[in-house]
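Architecture at a glance
Spelled out from the first residue to the last, the chains are:
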Amino acid sequence: MSEDTRPPLWLETRYGMSEAALRAAIPNARRSAHAEPLRNGARALLALDDVELLDRHFAARFYFLNQALHQVTLGMTPTPTRSAGDSAFQEFRTALRIKYGTEVDSRSVTNERGTIQAATWLHGPTNIELVFMSVDGEPEYFNVVYQARLSSEAAKL
């Protein structure tokens, strides 16, 4: 897959780009201190602090798998409270609807233990997922996740 045909993720990043290519595209990216890998083994090798979106602050993490960019995650900083996370979710959902249209999937669960909200958009070969979780006994988080939609079965079409 050539560099030009790789799915775009966030800003100037593309799925599968090397660490050097990402540093060239986003010169402010620095080594990430976030050591926890994703379930598939991808690790956040680079980060960009203090990204401002819709008057909120985020840290961008660039996850690599097999020396190739796999995912970009924007995590709200500081960790939001339940009401701040819910407010951010509503505002970001509206903004993403304006940019990408109606989400293809949306889930919301609220009960005595807390709240989990998620929405997913498809933009070409890219998934954009908005997630807010505030559940008792778990750390809150509000993330915007950019991933390429790649599948061996889809490639056959």
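Note that the structure is predicted; figures quoted are calculated from it, not measured.

Cut-off values and rules
- Residues numbered from 1 in each chain as written.
- Predicted model: local features only at pLDDT ≥ 70, side-chain atom pairs only at ≥ 80, totals over all residues.
- Heavy atoms only, no water.
- Core = buried A, V, L, I, M, F, W, Y, C linked by side-chain atoms within 4.5 Å.
- Buried < 20%, exposed > 50% of the residue type's maximum accessible area, 1.4 Å probe, protein only.
- Helix = DSSP H or I, 4+ residues; strand = E, 2+ residues; numbered from the N terminus.
- Contact = heavy atoms within 4.5 Å.
- Pairing = 2+ DSSP bridges.
- Phe/Tyr/Trp six-rings, centres within 6.5 Å; stacked < 30°, edge-to-face > 60°.

This paragraph deals with the nonpolar core. By size, the foremost hydrophobic cluster in this structure holds 30 residues, and its most contacted members are Trp10, Phe62, Phe142 and Tyr146. Taken together, the elements giving at least two residues each to this core come down to strand 2 (43-53), strand 3 (56-65), strand 4 (68-76), helix 2 (82-100), strand 6 (114-123), strand 7 (126-135) and strand 8 (141-148). Counting residues per element, this core draws most heavily on helix 2, which supplies five residues. When residues no more than four places from it in sequence are discounted, the contact partners of tyrosine 146 are Leu9, Trp10, Gln71, Val72, Leu74, Tyr100, Asn127 and Ile128.

Ordered by their spatial adjacency, eight strands build an open sheet running 1-2-3-4-8-7-6-5, and the pairing between neighbours is antiparallel. In this open sheet, the two strands that pair with only one neighbour each are strand 1 (30-31) and strand 5 (105-111). Judged from the ten bridges that link them, strand 6 and strand 7 form a sheet pairing that is antiparallel. Residue pairing for strand 7: tryptophan 121 is matched across the bridge by isoleucine 128.

The next thing to look at is the packing of aromatic side chains. What the rule picks out here adds up to four aromatic pairs. Measuring from ring centre to ring centre gives 5.3 Å for phenylalanine 92 and phenylalanine 142, while their planes differ by 70°; the resulting arrangement is edge-to-face. Here the residue phenylalanine 92 occupies a position in helix 2, and phenylalanine 142 occupies one in strand 8, the gap between them amounting to 50 residues. Residue phenylalanine 92 shares its accessibility class with phenylalanine 142, and that shared class is buried. One aromatic cluster is present, formed by Phe58, Phe92 and Phe142 through successive ring pairs.

Note that all results are geometric; they support no functional claim without further evidence.
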